[in-house]
Amino acid sequence: MTGGGGAELGTARCALEDEAEEAEFKLASSLTDPSPTVDREASIAGRGAPGFGEVATETEGDMAAKGAGSSAAADAGSTASDTERSDDGKDKEAKKIQTTTTTQALHGGRSVVQLERDLRVDLGFRGMPMTEEQRRQFSPGPRTTMFRIPEFKWSPMHQRLLTDLLFALETDVHVWRSHSTKSVMDFVNSNENIIFVHNTIHLISQMVDNIIIACGGILPLLSAATSPSSTKTELESVEATQGMSAETANTFLSRLMAMVDVLVFASSLNFSEIEAEKNMSSGGLMRQCLRLVCCVAVRNCLECRQRQRDRGCKASILNSKSQDSLQNIASASKTAIENLPSNLSPIKDPDRLLQDVDINRLRAVVFRDVDDSKQAQFLALAVVYFISVLMVSKYRDILEPQRETARAMSQSGRSIRQEINSPTSTDNPVAFPDSGGMLKEIPTPVEELHLEASLPHTDSGIGEEQVSGVLNGAELEGPPSSMGRIPTPPGAMSELLCTLSSEVKRSQESLLSEPASSSGISRVEVLKPASSISSISQSKGINVKEILKSLVAAPMEGAEAGPEPLPYPDPAIKREAHAMLPMQFHSFDRSVVVPVKKPPPGSLAVNTVGSGSREGLAAGSTPNIFAAASATPKSMINTTGPTEAASSSTNSSTSSSFVNGATSKNLPAVQTVAPMPEDTMENMSITTKLERALEKVAPLLREIFVDFAPFLSRTLLGSHGQELLIEGLVCMKSSTSVVELVMLLCSQEWQNSIQKNAGLAFIELINEGRLLCHAMKDHIVRVANEAEFILNRQRAEDVHKHAEFESNCAQYAADRKDEEKMCDHLIGAAKHRDHVTANQLKQKILNILTNKHGAWGALAQSQLHDFWRLDYWEDDLRRRRRFVRNAFGSTHLDITCKSLEDYGSEEDEGVKAKKGFRSQAVVSQNQETELMLEGDDDAVSLLQEKEIDNLAAHFRPRVIISRGPVVLSTPAQLVAPVIVARGTLSITTTEIYFEVDEDDTAFKRIDSKVLAYSEGLHGKWMFSEIRAVFSRRYLLQNTAMEVFMANRTSVMFNFPDQATVKKVVYSLPRVGVGTSYGLPQARRISLATPRQLFKSSNMTQRWQRREISNFEYLMFLNTIAGRTYNDLNQYPVFPWVLTNYESEELDLTLPGNFRDLSKPIGALNPKRAVFYADRYETWEEEQMPPCHYNSHYSTSTSTLYWLVRIEPFTTFFLNANGNKFDHPDRTFSSIARSWRNCQRDTSDVKELIPEFYYLPEMFVNSNGYHLGERQDGTAVCDVELPPWAKKPEDFVRISRMALESEFVSCQLHQWIDLIFGYKQRGPEAVRALNVFHYVTYEGSVNLDSIADPLLREAMEAQIQGFGQTPSQLLIEPHPPRSSAMHLCFLPQSPLMFKDQMQQDVIMVLKFPSNSPVTHVAANTLPHLAIPAAVTVTCSRLFAVNRWHNTVGLRGAPGYSLEQAHHLPIEMDSLIANNSGVNKRQITDLVDQSIQINSHCFVVTADNRYILVCGFWDKSFRVYSSETGKLTQIVFGHWDVVTCLARSESYIGGDCYIVSGSRDATLLLWYWSGRHHIIGDNPNNSDYPAPRAVLTGHDHEVVCVSVCAELGLVISGAREGPCLVHTITGDLLRALEGTELCALPRLISVSSEGHCIIYYERGHFCNFSINGKLLAQMDLNDSTRAILLSSDGQNLVTGGDNGVVEVWQACDFKQLYIYPGCDAGIRAMDLSHDQRTLITGMASGSIVAFNIDFNRWHYEHQNRY
């Protein structure tokens, strides 16, 4: 905007704002009464709404009410179909049919019956009442018809939504108006609001054409406004359509107009951007605004005429149908506007042709974007035509006012058809729009125009086929009769209108044939910014700003009803039923019968108000009627669908093609009518009336003529091609008279030219609006159909989901029931567990109190006997050696022995001896089939599986998956020695629970004495305690699992099937099979087969290299092959290795004393071997395959046979044996006799059990059982040992030496082949005489295939009776062990002799300090960060002396002592340089009464921390060895801490620390190698809690030793005695020696079970871990340090005399004396390889000695 023009425009806008503000306020106030809406809704609700998906029963007139899902995008539940469908639909139909009979003339000779039938046919099933079956059919499943929305109708819901939307927008605009400082135009043109304005304008654009059609359409309204008649014809032509009442449509129209006034006419926006962005045709917005302005203006004209008619003929036509029609239909303006307060009506002067506001709007439309010349010219041409028609019509009305009244009265009773088609009806001058050609380009009677206008949605007057034919160059046909149907009117105006359609035809032909002329406006031009609106009027003296101001203010004086909630109209009343029927449409120049598209039944109406897309016609379905002659044929109508195209800023504009160059014809001259001057308004002169009516319009027309003179002069040409406009302007220049202008317009040349040129532009304008309306409705219908389809699909999904929901509910209820059952079960299990735990705790307290050294020890002295049982604790080699107090112990004095008559024949012994056992121990498994779980999918994800391994097949057991804390729950059996208890295994995210089913009949049969020894019946195990998980077999089926715990016990479960085993394993932590066998800790390892484990493990290679012993390797093979302590039928198997049990001495160097391990036990005796071979060859039983042996080398019976003297096996034996001991002659009473039986008895092929090699207690009848007398009168008590073993410990020790001897090492692989390897089965087994009963082999029996419970039970009993062969580990020969000679030069061969090539003393290291070295810790493992020998002196100065692992090279070829760097120990550099002594000095004060000795210090296994005790504050402390800084202070004792000890360390550096104190207690602590603190929790390192408190001493504790592998703490008090505690706090026993052995000072424990105690005055004792005194000796030296070798066989001592001595631990036999040192020995330790002994001397130095225990082993292995 430039210069003064901008200022003027701004002024106009401000004035417009003020007026509009006031109007909007008044409108807003009128909105506050929503009662009509409420009443309407109430009435709808009262009628009741059919269910969703039912079929509505209204006609197409009620289509809007059938939009089931019309607002699907917004709210499918609140659609109009829910509220509008009602039972009175049938009544509405009847009314419509009745109404239709009054218009029969429209339908030719059709009868009422045929009409009704057509109506029924067209309505489809929607016209019929809905049956119950149909109701069921549509609820809730998918409908029968997929797409059933025929067309768009305005439903009440649409209208309500549009009302609300407009109200919201108007509210925002009102806020702008009410601003105190800024004007509306400031807001509209503000950058902040640009998006809002764009979107609002786009919304208006979407709505305008539709609302115009709903109001009746511009042409029908113009027809009514320009018709001289007031009859029903013209009034019905204004009938509203599309389901919206005229009243409602008019209100919406007014509200849209008000929005346009503000947002379009008052804004300076360039609309080309919006049009490009919204994919609209260029200039389309302003053309829409023109249509809107025209429609509003014509509405106002109608109202003016109505008021004049009301004044003129009110009394005469009061009761006529015309008046009814007038009031009901045509006076939408009246009902919508006049009912408002009079000051809101836009009609200021009814005598005026156009009101000021309409004129201003027309001016604004033309001149707003005048810079876009093509567009402005088109708009100007259309406005010229619009004003011309109205002016000529007004002139006619002023000339002939009386004819109008007379006609209204005389024709009130005629039918429409007769009136219009009567050839004599010449007094009906048809007004211009009556011809209908404006829309259809063919002269059409009013009623057809009216019918078409009432159904624009059906065909929009432009049938797709016809139009496409016309526009694509098809010949234009038009029957002459169609041209001649309009009677010749008497007036010039009528002639103008009559000939207009023929001109349209001709101009259309020229449009199709001529190229775009230079004057066409179809070229693409870049729009100039519409910034200077006022510049167009500078030369004309017209202030456009004032116009704009008046427009913005128009709502104040205009028809703005505001966003009032309109009463929803009843579409059924104002709809014409014949609109549904086929009729003849005249499309442009062809008369074609267009059958009405029958809509599919039902309808959906979609409210798209506010959608951002441009509703367009589908490409190709509707032709582009504006681009025919265009070089760049872009249409004003978007034919690409509803795409939003956000165009770039180059606003290309394609103006609509409009016809130019059409030849003009002369029209008849307008008859001059003589003026009739009158005094009153009615009687004033015609000139005066004209001046009065046209004084505001004429200047606008003149202005357009002048401003667009160049264009109009080229366009408005006369019949001979002369320029009419120039002479007209010359005529008008001399006068401003309105009459002259009217006369000019009435001239024939002008009429012909305007009709031909301007009329065509107007028609293009109207047609575009109809097409846009049609396109929008098509788009809405298409979207609605898609929504309908989606809804139907969703309904089908809803049905499916509902069924699924019900199924889920049922499943959920069942799950909840199961879960409740599970919760009850778990609560009960917890109670049982608590009960068991409480009993155990009570027993533990009782044991502590009643022990001889307990608080109630004096009372306990009356006890006659202490009973002991074998504990389930296993050491690292899986040996169970620890005995604990037995609360259930008994001497079983009431038990008798079996007589020989109790045994049947020898052959049946194997089965019959087990009858009692089976009846108790074997759980009846006849319900096993019920436990079988189905499916083969495994929902591993439910089990927190992080590692889906290759071996993990997917199974889906029917286990209970709980959403609570229980992750998995499944039926299971607890497998314990001699019992199998059915119950439930539950797994949470952190624990395992097992709860036995105490109601099970098999469980009830189990003896309570047996249950007392069975742990885990109400078990709970923490995940953090699980160390290994193995798959196991039970009864030869791979359905079991064994879990090894941190407390060194194991528990075994059997499951219904293998799938459940996998499920359970995947619910447990990933621990694999532990860390001992070199296998990864993964679940797939736990599920691996024994053969896979064997192949994957490194144990065989380690055994071959002699890194592990024969015993450890055999225990490994047993473990992975499924042998377990929990199932006596699968007990670990060990070989007989010795054959000599007769001689006084045993020479282990003689091969004859060893068994041939290449043969099974049954084939060692040649005679018996022949017997077994013959049995196999002569096998006669056809039911089963042949075998050599009827019995097995390992059965539950043989296991109990060996272990009958120790609990709990005694109780197990009695339970399995009818509560009787064996006959004395059959009891295990002599090792020699048992060996002989294994060589001679054809039914005895027993191998040994591992206890033979480590448990001497099994040979002693320590509980004093009465086992009877043999036939020779000898009483059976302890087992008779061979003569070469003086005591059971000797027998076990020598047997173990034999097992580890070279003879066995060279043959052991052959025995492995027999038991675990390739000779176990098949042809090799036959050759080796190694075939057993077929039911002992894995895979021979499938219990699941046995359906009969009795047969299955019998088979299980048979398996239990015959024993089970271990799983086959390899199918090729096992590799032999490497020769000892091959390994003699390896650095570390712990058991083999090496020639002594080294000197005894390696080195001496003297520290600068002379303080005695009181503690030495040699943590020298090569994998440590700092392998070192840490020393601590009496003055608490420590040194970290680096260890060099070259010591092993000594003795190797080429070794030279001169290589100084081979010295194993390098002095701590900080001590050597005396530079960082402060980092090595512990300065904290100790209690003065403490004597610093080796027990005061502990060094962690990684050398990084030193623990020191003796502090005055009763604490012990942790120091960093790197910095010397204090890192932790630990309190817990009530007096000064006097001694510390550390257990052996495991992976990660974790270990136990024991502190002893003057308060006579010991505390067991846990050292976390990960956090380097005492205690598990690094957040609570200030107050760690001890794991156990050990009591029983009466005096200060002075020495202590702890062995984690054995789980024992052995401690000595100053005044004695030595007590043995478990690491759980149980006081087991006191170690009591002779009277001289009373004051313990030093204790050393080995994992092999030796406990060496040094007492004051040189007394030594060797105890077994179970308290038996094995040996003792006295030394003269005052010993200060003792040490056991790692195998426990050798003892090293050192004392004040400075001599290191080596002893054999078992009998204190001296092995070696090292040369004496010059100072006393205060401490010592062994390197990790047991090859270097480091001693701390009283002189402040350390000495490193060579030590080789193997040589002493070799020298003393010849004779025993």
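What you are looking at is a predicted structure, and each value in this text was computed from that prediction instead of being measured.

Thresholds, definitions, all that
- Residues numbered from 1 in each chain as written.
- Predicted model: local features only at pLDDT ≥ 70, side-chain atom pairs only at ≥ 80, totals over all residues.
- Heavy atoms only, no water.
- Helix = DSSP H or I, 4+ residues; strand = E, 2+ residues; numbered from the N terminus.
- Buried < 20%, exposed > 50% of the residue type's maximum accessible area, 1.4 Å probe, protein only.
- Contact = heavy atoms within 4.5 Å.
- Areas by Shrake-Rupley, 256 points an atom, 1.4 Å probe, with all protein chains shown as cover.
- Phe/Tyr/Trp six-rings, centres within 6.5 Å; stacked < 30°, edge-to-face > 60°.
- Lys NZ or Arg CZ within 6 Å of the ring centre and 35° of its normal.
- Expected span 1.5 Å × (residues − 1).
- Axes fitted to C-alpha atoms, helices over the stretch in contact; angles between N-to-C directions.
- Parallel < 35°, antiparallel > 145°, perpendicular 65-115°, else oblique.
- Nonpolar A, V, L, I, M, F, W, Y, C, P; charged D, E, K, R; others polar.
- Salt bridge = Lys/Arg side-chain N within 4 Å of Asp/Glu carboxyl O.
- Core = buried A, V, L, I, M, F, W, Y, C linked by side-chain atoms within 4.5 Å.
- Lys, Arg positive; Asp, Glu negative; His and termini not counted.
- Polar contact = N/O pair within 3.5 Å; in protein donor to acceptor, adjacent residues only side chain to side chain.
- Pairing = 2+ DSSP bridges.
- pLDDT = per-residue confidence, 0-100.
- Disulfide = S-S within 2.5 Å.

### What about the overall build of the chain?
Item 1. Within the chain, the secondary structure is distributed over 55 helices and 42 strands.
Item 2. Taking all 1760 residues of the chain together, 60% fall into the buried category.
Item 3. Of the contacts made within the chain by residues no fewer than 6 positions apart, 70% connect residues no fewer than 24 positions apart.
Item 4. Accessible surface computed for the chain: about 66400 Å², of which carbon and sulfur atoms make up 53%.

### Digging into the packing of aromatic side chains
Item 1. Within the structure shown, the criterion is met by 50 aromatic pairs.
Item 2. What links up through ring pairs into an aromatic cluster is the set Trp-1136, Tyr-1141, Tyr-1201, Trp-1202, Phe-1228, Trp-1235, Phe-1252, Phe-1259, Trp-1284 and Phe-1291.
Item 3. The lysine or arginine in question, Lys-182, covers the ring of Phe-187, its NZ or CZ lying 4.6 Å from the ring centre.
Item 4. Against the face of Phe-1511 rests Arg-1517, its NZ or CZ located 4.4 Å from the ring centre.

### Side note on helix 50 (residues 1288-1299)
Item 1. In this model, helix 50 (12 residues) spans 16 Å end to end at C-alpha, consistent with the 16 Å of a helix rising 1.5 Å per residue.
Item 2. In terms of burial, helix 50 is a largely internal element, 10 of the 12 residues being buried.
Item 3. Contacts from the buried residues of helix 50 go to helix 45 (1110-1120), helix 49 (1231-1240), helix 51 (1302-1315) and strand 35 (1669-1674).

### A few points about the packing of helix 45 against helix 51
Each pair of packed helices can be described by the angle between their axes along with the distance between the axes.
Item 1. Two elements in contact, helix 45 and helix 51, have axes whose closest approach is 11 Å; the angle formed by their N-to-C orientations is 10°. In this view, helix 45 runs roughly parallel relative to helix 51, as classed from their interaxial angle. Mapping the contact onto sequence places Asn-1110, Tyr-1113, Leu-1114 and Leu-1117 in helix 45 and Val-1304, Ser-1305, Leu-1308, Trp-1311 and Ile-1312 in helix 51.
Item 2. Here the residues of the contact of helix 45 with helix 51 sort into seven nonpolar, two polar and no charged.

### Focus on the pattern of salt bridges
Item 1. Taken as a whole and assessed by the stated rule, the structure comprises 53 salt bridges.
Item 2. Put simply, Arg-882 and Asp-871 hold a salt bridge, and the shortest N to O gap is 2.7 Å. Taken together, the residues Arg-882 in the loop between strand 5 (868-870) and strand 6 (883-885) and Asp-871 in the loop between strand 5 and strand 6 connect sequence positions 11 residues apart. Taken individually, Arg-882 and Asp-871 each receive the classification buried, so the pair is uniform in this respect.
Item 3. Of the charged contacts, one joins Arg-1106 and Glu-1302 as a salt bridge, the two residues approaching to 2.7 Å between their closest N and O atoms.

### Some remarks on the nonpolar core
Item 1. Judged by nonpolar contacts, the single largest core of 139 residues is most densely connected at Leu-1068, Trp-1202, Phe-1252 and Met-1258.
Item 2. Considering every element that reaches this core, the biggest residue donor is helix 45, with seven residues.
Item 3. Leave out the neighbours within four places in its chain, and Leu-1068 touches Ile-987, Ile-992, Phe-1023, Ile-1026, Val-1029, Met-1041, Val-1043 and Arg-1083.
Item 4. In terms of nonpolar packing, the next biggest core, distinct from the first, is built from 116 residues, Val-173, Val-365, Tyr-385 and Leu-729 among them.

### Some remarks on the side chain of Glu-1207
Item 1. With respect to the helices, strands and loops of the structure, Glu-1207 is situated in the loop between helix 47 (1196-1202) and helix 48 (1209-1216).
Item 2. Buried charge without a partner: Glu-1207 forms no salt bridge, and the closest opposite charge is Arg-869, 8.4 Å away.
Item 3. At 2.8 Å, the side chain of Glu-1207 and the side chain of Thr-1211 are in polar contact.

### Details of the sheet that holds strand 29 (residues 1608-1613)
Item 1. What the four strands build is an open sheet, ordered 28-29-30-31; its pairing is antiparallel. Either end of the sheet is taken by a strand with one partner, and the two such strands are strand 28 (1597-1603) and strand 31 (1627-1631). Neighbouring strand axes in the sheet, compared pairwise and without regard to direction, differ in orientation by 20° on average.

### Quick look at the sheet that holds strand 39 (residues 1709-1713)
Item 1. Ordered by their spatial adjacency, four strands build an open sheet running 36-37-38-39, and the pairing between neighbours is antiparallel. Each edge of the open sheet is held by one strand with a lone partner, namely strand 36 (1679-1684) and strand 39. The mean inter-strand angle of the sheet, taken between neighbouring strand axes irrespective of direction, is 25°.
Item 2. The sheet contact formed by strand 37 (residues 1690-1695) and strand 38 (residues 1700-1704) spans five bridges and is antiparallel. By the bridge assignment for strand 38, Gly-1694 is matched with Val-1700.

### Some remarks on the pairing of strand 23 (residues 1537-1542)
Item 1. Of all the six residues making up strand 23, five are buried; the element is thus mostly covered by neighbouring parts of the structure.
Item 2. Sheet topology note: the strand 23/strand 24 (residues 1551-1557) ladder contains five bridges and is antiparallel. Among the inter-strand pairings, Leu-1540 is bridged to a residue of strand 24, identified as Ser-1555.

### So, the confidence of the model for the chain
For residues with low pLDDT, the predicted coordinates do not support detailed interpretation.
Item 1. Summing up the model confidence of the chain, the mean pLDDT is 73 and the portion of residues at 70 or higher is 66%.
Item 2. Within the model, the stretch residues 552-680 combines pLDDT values under 50 with 488 contacts to residues more than four positions away or in other chains.
Item 3. Counted against residues more than four places away or in other chains, residues 1448-1460, with its pLDDT under 50, gives 16 contacts.

### As for the environment of Trp-1752
Item 1. Counting through the fold element by element, Trp-1752 comes out in helix 55 (residues 1749-1755).
Item 2. Separated by 50 residues in the primary sequence, Trp-1752 and Val-1702 place their C-alpha atoms 9.5 Å from one another.
Item 3. If sequence neighbours within four positions are ignored, Trp-1752 has contacts with Val-1702, Leu-1711, Tyr-1712, Tyr-1714 and Ile-1747.

### A closer look at the pairing of strand 31
On a regular strand, one side chain projects to one face of the sheet and the next to the other, so that they alternate.
Item 1. Most of strand 31 sits inside the fold, with five of its five residues counted as buried.
Item 2. With four bridges joining them, strand 30 (residues 1618-1622) and strand 31 adopt antiparallel strand pairing. Of the residues in strand 31, the one forming a bridge with His-1621 is Leu-1627.
Item 3. Here strand 30 hands over to strand 31 after four residues, with Gly-1625 in that stretch at a positive phi of 105°.

### Brief notes about the side chain of Ser-1014
Item 1. Residue position: Ser-1014 is located in the loop between helix 40 (1008-1012) and strand 10 (1018-1022).
Item 2. Residue Ser-1014 is classed as buried on the basis of its relative accessible area, which comes to 10%.
Item 3. Only 3.1 Å separates the side chain of Ser-1014 from the backbone oxygen of Val-1010, close enough to count as a polar contact.

### Brief notes about unusual backbone geometry
Item 1. A cis amide bond, omega 5°, links Glu-1207 with the succeeding residue Pro-1208.
Item 2. Considering the arrangement of structural elements, one finds Pro-1208 in the loop between helix 47 and helix 48.
Item 3. Unlike most non-glycine residues, Val-978 shows phi in positive territory, near 60°.
Item 4. Relative to the helices and strands, Val-978 is located in the loop between strand 7 (966-976) and strand 8 (979-988).
Item 5. Unusually for a residue other than glycine, Asn-1219 sits at a positive phi of about 60°.

### Points about the packing of helix 19 (residues 373-399) against helix 33 (residues 738-746)
Item 1. Two elements in contact, helix 19 and helix 33, have axes separated by 10 Å at closest approach and are oriented at 105°. Overall, the two elements helix 19 and helix 33 adopt an arrangement that is roughly perpendicular. The segment helix 19 lies against helix 33, with Ser-388, Met-391, Val-392 and Tyr-395 engaging Leu-741, Val-742, Met-743, Leu-745 and Cys-746.
Item 2. Partitioning the contact of helix 19 with helix 33 into residue classes produces eight nonpolar, one polar and no charged.

### Regarding the state of the cysteines
Item 1. If you walk through the whole model with that rule in mind, you get zero disulfides.
Item 2. Not part of a disulfide, Cys-215 finds its nearest cysteine sulfur in Cys-295, a span of 4.9 Å.
Item 3. Here Cys-1496 is not disulfide-linked; the sulfur of Cys-1509 is the nearest cysteine sulfur, at 4.3 Å.
Item 4. In this structure Cys-1496 comes out as buried when scored by relative accessible area, which is 1%.

### Observations concerning the environment of Asn-1746
Item 1. Mapping Asn-1746 onto the fold places it in strand 42 (residues 1741-1746).
Item 2. Taking the C-alpha atoms as reference, Asn-1746 lies 9.5 Å from Met-1403; in sequence the two are 343 residues apart.
Item 3. A distance of 2.7 Å separates a polar side-chain atom of Asn-1746 from the backbone oxygen of Gln-1399.

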